[in-house]
There are 2 protein chains.
Amino acid sequence: MLNRVRSAVAHLVSSGGAPPPRPKSPDLPNSASAPPAAPPQAPRSPPARAGSGSAAPARTVEARASFCRPTFLQLSPGGLRRADDHAGRAVQSPPDTGRRLPWSTGYAEVINSGKSRHNEDQACCEVVYVEGRRSVSGVPREPSRGQGLCFYYWGLFDGHAGGRAAEMASRLLHRHIREQLKDLVEILQDPSPPPLCLPSTPGAPGSSDSSHLVGPQSCWSSQKEVTHESLVVGAIENAFQFMDEQMARERRGHQVEGGCCALVVVYLLGKVYVANAGDSRAIIVRNGEIIPMSREFTPETERQRLQMLGFLKPELLGGEFTHLEFPRRVQPKELGQRMLYRDQNMTGWAYKKIELEDLRFPLVCGEGKKARMMATIGVTRGLGDHNLRVCSSTLPIKPFLSSFPEVRVYDLTQYEHCPDDVLVLGTDGLWDVTSDCEVAATVDRVLSAYEPNDPSRYTALAQALVLGARGTPRDRGWRLPNNKLGSGDDISVFVIPLGGPGSYS
Amino acid sequence: MLNRVRSAVAHLVSSGGAPPPRPKSPDLPNSASAPPAAPPQAPRSPPARAGSGSAAPARTVEARASFCRPTFLQLSPGGLRRADDHAGRAVQSPPDTGRRLPWSTGYAEVINSGKSRHNEDQACCEVVYVEGRRSVSGVPREPSRGQGLCFYYWGLFDGHAGGRAAEMASRLLHRHIREQLKDLVEILQDPSPPPLCLPSTPGAPGSSDSSHLVGPQSCWSSQKEVTHESLVVGAIENAFQFMDEQMARERRGHQVEGGCCALVVVYLLGKVYVANAGDSRAIIVRNGEIIPMSREFTPETERQRLQMLGFLKPELLGGEFTHLEFPRRVQPKELGQRMLYRDQNMTGWAYKKIELEDLRFPLVCGEGKKARMMATIGVTRGLGDHNLRVCSSTLPIKPFLSSFPEVRVYDLTQYEHCPDDVLVLGTDGLWDVTSDCEVAATVDRVLSAYEPNDPSRYTALAQALVLGARGTPRDRGWRLPNNKLGSGDDISVFVIPLGGPGSYS
């Protein structure tokens, strides 16, 4: 994530303060000390499994801490060195000889051109089995309902100010999602609407009626219908939150530094859930049509949320910042003059008389890739960053960052997908230099050169997208065919075919 | 606005508290005591003028205070009685004999079926001339730049808990907009980008450079470009704010009670600005295509804003409400059980263990037209409501209401409009029973029955829309042809032809 955090590494302070409370956090293992969980039971129709961190011994975790790539790349020590080479910037993909990723997913990545020592992007692709935590209804589970659920999972994590947060998220976020889904296994497999209220203890009947689930029919006439889909959305949202809280706990042991954007796809019971917190992007290309599946969260797109927070909690601005936005920095000699501004409620601009406190630095400033919050960070949602402070100050930035993703849902059963329909995930290294339309054109060009049933076509497509964003070394830089600069950032791309689970695996 | 405020009238408390500060409010006349401003100078190409309150003497204002209709309806005392008749619900339109509204705008309205004594909707249609307040640049105005600007203005105001706020807004909001635009007259007529900074005093040069305007070229390289369009948006946004502050000042003299939604259209320099605060709606029907020009602000659509405010400022909840949302009211006997909830960050739902404070009433509850904030109000943006309190409590509701509109801009010059292209504005009385598609079908049906150059066709269309939403008296109610209930609410509709100013006037 190029320049996203201005000199952030230099200003990372190992805070001695107390970690935030975590009343609801699930009982996940400490990422550094506890061994990862045993591999899950095989799903009912087990596709090829390839994990980024499923069964690594503690020693490997230590080694990774300095530099690691997704395990599904199956890199040898020599391969790892080549992947870490800023001069060559070789594109990395899973080997053609091994087992394919689920759904024949394509993947490619390349390291940055020198902005950071290692590639700070991480990726994960897993099939995750969720065993119900218990019979949530309080009565013994019926055998016909099955024992668990299986979800497919893809994650891209774009780190900044160090790679640890991205590495940790790539190892653990899907396990937080699994944890959140455990309570829902039985409910999601029951076609009736989710119960609004559950008994507190397994086996204890609900207090408000005699049936085992307090269903809608027994409640007030005025009640909302909650869908199964919205329960999965809630589970993913809370999993992001718990992942972030785990990072907060572990920052004190220096296990986590910096932060990361997280773009995650969960496929469960016929629906694709795309959750995004940061400035990565997901689009579906379906029959040539582009369907945006995420939006970016930056100081520009989240300006009003940030300003509102600064307005309602001025103590978070520490007397150093103003929540008002100005089109440029106000200068002391302009006191008393009138300058354009906008506040947390406005989308337009108006003039105001410059007062003393307007001379503070604006909470939000700059445009496009140069937009910054508190003059420091260019992305306003993600995981980690608990130690991030304002440049030359002790003012914490984290209160303004949100770890909640926006989740969009795509029902895979509502459309007959063909082998050329794909979901493309990319970190900002791709999207900084490639438009949605250019991606769609590459999808068409590359896939049409392969047989529809050739499973290697999606990796070829991912490689083409990464190469197209990286460019070739020429004129003292990495350049695109139009001679513009290619992306000097880390670039990572998943290409997920939407033909359906198992179709191409 | 049917049932929008549950028993709000009964709980209106005449507050003895101090009015909020108003540091920036322009010097507008007191609405009750000062005579309205003299009619503005004629615009450069003056169309027919018809004002809702341009030159009424103080005595008329008094009479209006009990019941008034837009002056452009030119109602006689007998006509006023008929317009106020709940049994007949006669549709009202400007007379065919008088001068037409600007652009041959069509208008129709009908009173409610008995939910309030009078029609609490109000409307205004004006041509407003804006004279520059002064030479903002500090140098004498160049004669070639012209002396002022003219904007066309349409406003619909849907009152609740009394009609005074809507009546006041219909008389004054366009004057607040004029006030805000006065500083911009010269800037908007200058094709160069707006100056970011202006001198404090007319005649005094800007301190940061020697030219009369501190233009972008003289500033830092990192500065935002602010468009003329965004200045107009900012002017409209602030005008809403000042209108609301004026209502706050005058509530103590009982000049203003209740509140109102405001849907306003400003046409200025080739662009249409649609500003909405409330649950009225505007759509453009262009060559049969529907272009939404507003969205509604209700406890459902603004749930996360309201919850975030309650979360950050819990004192506003007074210990009576919880910022969490539950799908139904939590019952004391459910303490310790787990119920679905969502907080200010979530769009999905999850289970949480019920604690004591979850037994408080949720800040936001209900669905659709039954959605309520603080169990009281069904609309979350608008003007007024400064005295509104929670039912059986002294807890003020106003802190959660926003007076800021969302402004959408439509460039009239980007498309060759035909006489059948219209902008339709309606209060919720129309939209509660009529979909966008049904409106578009009525546009097609009615306009095709008239010659394209017949200026009465837009009034006929407005009448058809109002009649279609009201229905006819049958089976103890007002019913639509499909036998469903028609709208029992006040219904008001503007139909604005987009053929261009003057084309049909």
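Residue numbering note: each chain is counted from 1, following its sequence as written. Written order determines the labels here, with chains lettered from A and ligands numbered from 1. The predicted nature of this model means local features are confined to residues of pLDDT at least 70 and side-chain atom pairs, given and counted, to a pLDDT of 80 or more, with totals for whole chains, interfaces and linings taken over all residues. Values reported for side chains reflect all heavy atoms of the structure, with hydrogen atoms and water molecules removed beforehand.

A.B. asks: Please clarify how the overall build of chain A should be interpreted in this entry.
C.D. replies: Looking only at helices and strands, one finds nine helices and 20 strands in chain A. Burial here depends on accessible area, computed with a 1.4 Å probe over protein chains only, as a share of the maximum for the residue type. Under 20% is buried, over 50% is exposed, and the range in between is partly exposed. Looking at chain A residue by residue over its 505 residues, the buried ones come to 59%. Contacts were defined at the residue level, with two residues in contact if any of their heavy atoms lie within 4.5 Å. Within chain A, contacts between residues separated by at least 24 positions form 71% of all contacts whose residues are at least 6 apart in sequence. In these tables, accessible area is a Shrake-Rupley quantity obtained with a 1.4 Å probe, and a residue counts as shielded only by the protein chains included in the view. Total accessible area on chain A stands at roughly 19700 Å², and carbon and sulfur atoms take up 51% of it. Runs of E in the DSSP output that reach at least two residues are strands. Runs of H or I that reach at least four are helices, and both are numbered from the N terminus.

A.B. asks: Honestly, the side chain of Asp 428 of chain A in this entry has me stumped. Any pointers?
C.D. replies: Within the fold, Asp 428 of chain A resides in helix α7 (residues 428–431). Among the polar contacts listed, one links the side chain of Asp 428 of chain A to the side chain of Lys 369 of chain A, at a separation of 3.1 Å. Counted as a polar contact is a pair of N or O atoms within 3.5 Å, where, for protein atoms, one must be capable of donating a hydrogen and the other of accepting one, and residues adjacent in sequence contribute only when both atoms are in side chains.

A.B. asks: Explain the pairing of strand β5 (residues 259–268) of chain B here, please?
C.D. replies: Residues in a regular strand project their side chains so that they alternate between the two faces of the sheet. All names here are of chain B. Burial analysis of β5 places ten of its ten residues in the buried class, the great majority of the element. Alternating residues of β5 divide into Gly 259, Cys 261, Leu 263, Val 265 and Tyr 267 and Cys 260, Ala 262, Val 264, Val 266 and Leu 268, and every residue in both groups is buried. Here strand β3 (residues 148–160) runs beside β5; their pairing, made up of nine bridges, is antiparallel. Across the sheet, Gly 155 pairs through a bridge with Val 264, a residue of β5. Should DSSP find at least two bridges between two strands, the strands are taken to pair. Here two bridges tie β5 to strand β15 (residues 383–384), and the two strands are oriented antiparallel to one another. Pairing of Gly 259 across the sheet is with Gly 384, part of β15. Taken together, the seven bridges between β5 and strand β6 (residues 271–277) define a ladder with antiparallel strand orientation. Its bridge partner being in β6, Val 266 is matched across the sheet by Tyr 273.

A.B. asks: Even after reading the chapter, I still don't get the packing of helix α3 (residues 164–182) of chain A against helix α5 (residues 228–250) of chain A, so can you show me in this structure?
C.D. replies: When two helices pack together, their arrangement is given by the angle between their axes and by how far apart the axes lie. All names here are of chain A. Here the axes come from fitting lines to C-alpha atoms, over the contacting stretch only for helices, and the angles between their N-to-C directions go from 0 to 180 degrees. Interaxial distance between α3 and α5 falls to 8 Å at its minimum, and their mutual angle equals 135 degrees. It follows that α3 is oblique to α5 by the angle criterion. Between α3 and α5 the crossing geometry is right-handed. Of α5, the residues touching α3 (which contributes Ala 165, Met 168, Ala 169, Leu 172, Leu 173, His 176, Ile 177, Gln 180 and Leu 181) are Ala 235, Asn 238, Ala 239, Phe 240, Phe 242, Met 243, Gln 246, Met 247 and Glu 250. By the convention adopted, Pro, Cys, Tyr, Trp, Phe, Met, Ile, Leu, Val and Ala count as nonpolar, Lys, Arg, Asp and Glu as charged, and the other residues, Gly among them, as polar. Split by residue class, the contact of α3 with α5 holds 13 nonpolar, four polar and one charged. Small angles under 35 degrees read as roughly parallel and large ones over 145 as roughly antiparallel, with 65 to 115 read as roughly perpendicular and the rest as oblique. When the near helix sits turned anticlockwise from the far one by under a right angle, the crossing is termed left-handed; a clockwise turn instead gives a right-handed crossing.

A.B. asks: Which parts of the structure should I look at to understand the interface of chain B and chain A?
C.D. replies: How big an interface is tends to be reported as the loss of accessible area on association of its parts. Of the residues lining the interface, 59 residues belong to chain B; the matching set on chain A comes to 60 residues. What gets called buried area is simply the loss in accessible area from a 1.4 Å probe that two parts show on being joined, summed for both. Taken together, the two surfaces of chain B and chain A that pack against each other cover about 5200 Å², and 55% of this comes from carbon and sulfur. Contact with chain A buries area across many residues of chain B, yet Lys 224, Arg 338 and Tyr 351 of chain B alone supply 15% of it, more than any other trio. By definition, a salt bridge exists where a carboxyl oxygen of Asp or Glu is found within 4 Å of a side-chain nitrogen of Lys or Arg. Inspection of the region where chain B meets chain A yields four salt bridges. Residues Lys 224 of chain B and Glu 325 of chain A are paired through a salt bridge, measuring 2.8 Å at the closest nitrogen-oxygen approach. At the surface where chain B touches chain A, the tally comes to 20 residue pairs in polar contact (both at pLDDT 80 or more). Where the side of chain B that touches chain A is concerned, the elements lending two or more residues are β4 (197–198), α5 (228–250), α6 (303–312), β10 (338–341) and β11 (350–353) of chain B.

A.B. asks: Just checking my understanding: could you explain unusual backbone geometry for this structure?
C.D. replies: In terms of backbone geometry, most residues other than glycine have negative phi values and most peptide bonds are trans. Residues and elements named next belong to chain B. Of note in this structure, Met 374 is not a glycine but carries a positive phi near 55 degrees. Residue classification places Met 374 among the buried residues on the basis of a relative accessible area of 0%. A positive phi is found at Asp 385, a non-glycine position, where the angle reads about 65 degrees. Summarising the element assignment, Asp 385 is placed in the loop between β15 and β16 (406–411).

A.B. asks: Explanation requested: the sheet that holds strand β20 (residues 491–497) of chain B in the structure shown.
C.D. replies: Two orientations exist for strands paired in a sheet by backbone hydrogen bonds: parallel and antiparallel. Residue and element names in this part refer to chain B. The antiparallel open sheet is built from five strands, whose spatial order is β1-β20-β17-β7-β8. One side of each edge strand has no neighbouring strand; the edge strands of this open sheet are β1 (106–110) and β8 (289–292). Put simply, the sheet's adjacent strands are angled 20 degrees from each other on average, direction ignored. Where helix α8 (residues 436–447) meets the sheet, its contacts fall on β7 (281–286), β8 and β17 (422–426), and the angle it forms with β7 comes to roughly 50 degrees.

A.B. asks: Please clarify how the pattern of salt bridges should be interpreted in this entry.
C.D. replies: Any two side chains of opposite charge can pair, on the condition that their charged atoms come close. Residue and element names in this part refer to chain A. Per the stated rule, a full pass over the model turns up 54 salt bridges over all chains. In this structure, Lys 398 engages Asp 244 in a salt bridge whose closest nitrogen and oxygen atoms are separated by 3.0 Å. In this pair, Lys 398 is assigned in the loop between β15 (383–384) and β16 (406–411) and Asp 244 in helix α5, connecting sequence segments 154 residues apart. Neither residue differs from the other here; Lys 398 and Asp 244 are each classed as buried. The partner of Glu 355 in a salt bridge is Lys 352, with the nearest N and O atoms 3.4 Å apart. Since its relative accessible area comes to 13%, Lys 352 is described here as buried.

A.B. asks: Even after reading the chapter, I still don't get the sheet that holds β4 of chain B, so can you show me in this structure?
C.D. replies: Taking strand neighbours across the sheet as the criterion, the three strands line up as β11(A)-β10(A)-β4(B) in an open arrangement whose pairing is antiparallel. In the strand order of this sheet, the two ends are held by β11 (350–353) of chain A together with β4 of chain B, each with one partner. The pairing of strand β10 (residues 338–341) of chain A with β4 of chain B spans two bridges and is antiparallel. Bridge pairing in β4 of chain B links Arg 338 of chain A to Leu 198 of chain B.

A.B. asks: Would you take a moment to explain the confidence of the model for chain A for this structure?
C.D. replies: Predicted coordinates in areas of low pLDDT are best not read in detail. All names here are of chain A. The predicted model of chain A has a mean per-residue pLDDT of 83, with 78% of residues at 70 or higher. Contacts for the low-pLDDT stretch residues 6–27, under 50 throughout, to residues beyond four places or in other chains number 44 contacts. Both scores are given for the predicted complex: the pTM is 0.84, the ipTM 0.83. For every residue, the predictor reports its confidence as pLDDT, a number between 0 and 100.

A.B. asks: Looking at this model, I keep getting lost on the packing of α8 of chain B against helix α9 (residues 457–470) of chain B. Mind explaining?
C.D. replies: Residue and element names in this part refer to chain B. Running from N to C, α8 and α9 point in directions that differ by 135 degrees, and their axes come no closer than 10 Å. Viewed along their axes, α8 and α9 adopt a mutual orientation that is oblique. At the point where α8 passes α9, the crossing takes the right-handed sense. Between α8 and α9, the residues in contact are Val 439, Thr 442, Val 443, Val 446 and Leu 447 and Arg 457, Tyr 458, Ala 460, Leu 461, Ala 464 and Leu 465, respectively. Its residues assigned to classes, the contact of α8 with α9 comprises nine nonpolar, one polar and one charged.

A.B. asks: Quick question: what am I supposed to make of α5 of chain B here?
C.D. replies: With 23 residues, α5 of chain B extends 33 Å from end C-alpha to end C-alpha; this agrees with the ideal 33 Å at 1.5 Å per step. Extensive coverage of α5 of chain B is indicated by the burial of 19 of its 23 residues. A helix is expected to span 1.5 Å for every residue after the first.

A.B. asks: Even after reading the chapter, I still don't get the relation of the copies chain B and chain A, so can you show me in this structure?
C.D. replies: The second copy of the chain is related to the first by a rotation about an axis and a shift along the axis. Copy-to-copy superposition: least squares on the C-alpha atoms, limited to residues that have pLDDT of at least 70 in both copies. For the pair chain B and chain A, the best superposition has an RMSD of 0.0 Å and corresponds to a rotation of 180 degrees with a translation of 0.0 Å parallel to the axis. The operation mapping one copy onto its partner corresponds to a two-fold rotation axis. No C-alpha of chain B lies nearer the rotation axis than that of Leu 312 of chain B, which sits 3.6 Å from it. In this assembly, 100% of the residues forming the interface of chain B have copies in chain A that are likewise at the interface, indicating an isologous arrangement.

A.B. asks: What is the right way to read the packing of aromatic side chains from this model?
C.D. replies: Between two aromatic rings, the relevant description is the distance of the centres plus the angle of the planes. Any two of the Phe, Tyr and Trp rings considered here, Trp counted by its six-membered ring, make a pair once their centres fall within 6.5 Å; the pair's planes then place it as stacked at under 30 degrees, edge-to-face at over 60, or tilted in between. Evaluation of the coordinates by the stated rule reveals 20 aromatic pairs over all chains. Ring geometry for Tyr 152 of chain B against Trp 154 of chain B: centres 6.5 Å apart, planes inclined by 20 degrees, an arrangement best described as stacked. Here Trp 154 of chain B falls in the buried class, since its relative accessible area comes to 1%. Grouping aromatic residues by their ring pairs yields a cluster made of Trp 103, Tyr 152, Trp 154 and Tyr 267 of chain A. The ring of Trp 478 of chain A has Arg 89 of chain A sitting right over it, with the charged end atom 5.0 Å from the ring centre. Lysine NZ or arginine CZ positioned within 6 Å of the ring centre and within 35 degrees of the ring normal marks a charge as sitting over the ring. One cation-aromatic arrangement involves Arg 286 of chain B over Tyr 415 of chain B; the distance from NZ or CZ to the ring centre is 3.7 Å.

A.B. asks: What is the right way to look at helix α3 (residues 164–182) of chain B in this model?
C.D. replies: Since one α-helical turn is 3.6 residues long, residues separated by three or four positions face the same way. The end-to-end C-alpha distance of α3 of chain B, which contains 19 residues, comes to 27 Å, matching closely the 27 Å that a straight helix rising 1.5 Å per residue would cover. By the criterion of burial, α3 of chain B is predominantly enclosed, with 17 of the 19 residues buried.

A.B. asks: How should the environment of Met 168 of chain A be read in this particular structure?
C.D. replies: Within the secondary structure, Met 168 of chain A sits in helix α3. According to the relative accessible area criterion, Met 168 of chain A is buried, its value standing at 2%.

A.B. asks: Help me understand the state of the cysteines, please; the structure alone is not making it clear to me.
C.D. replies: Joining two cysteines, a disulfide is a covalent bond between their sulfur atoms. Residue and element names in this part refer to chain B. Two cysteine sulfurs form a disulfide in these notes if their separation is within 2.5 Å. This model, assessed by the stated rule, comprises zero disulfides over all chains. Not engaged in a disulfide, the cysteine Cys 124 finds its nearest cysteine sulfur in Cys 125; these two sulfurs lie 7.1 Å apart. Considering cysteine sulfurs only, Cys 261 is the nearest to Cys 260, which forms no disulfide, with 7.1 Å between them.

A.B. asks: How do you make sense of the environment of Gly 318 of chain B when you look at a structure like this?
C.D. replies: Structurally, Gly 318 of chain B can be placed in the loop between α6 and β9 (321–322). With 71 residues separating them along the chain, Gly 318 of chain B and Arg 389 of chain B place their C-alpha atoms 12 Å apart.

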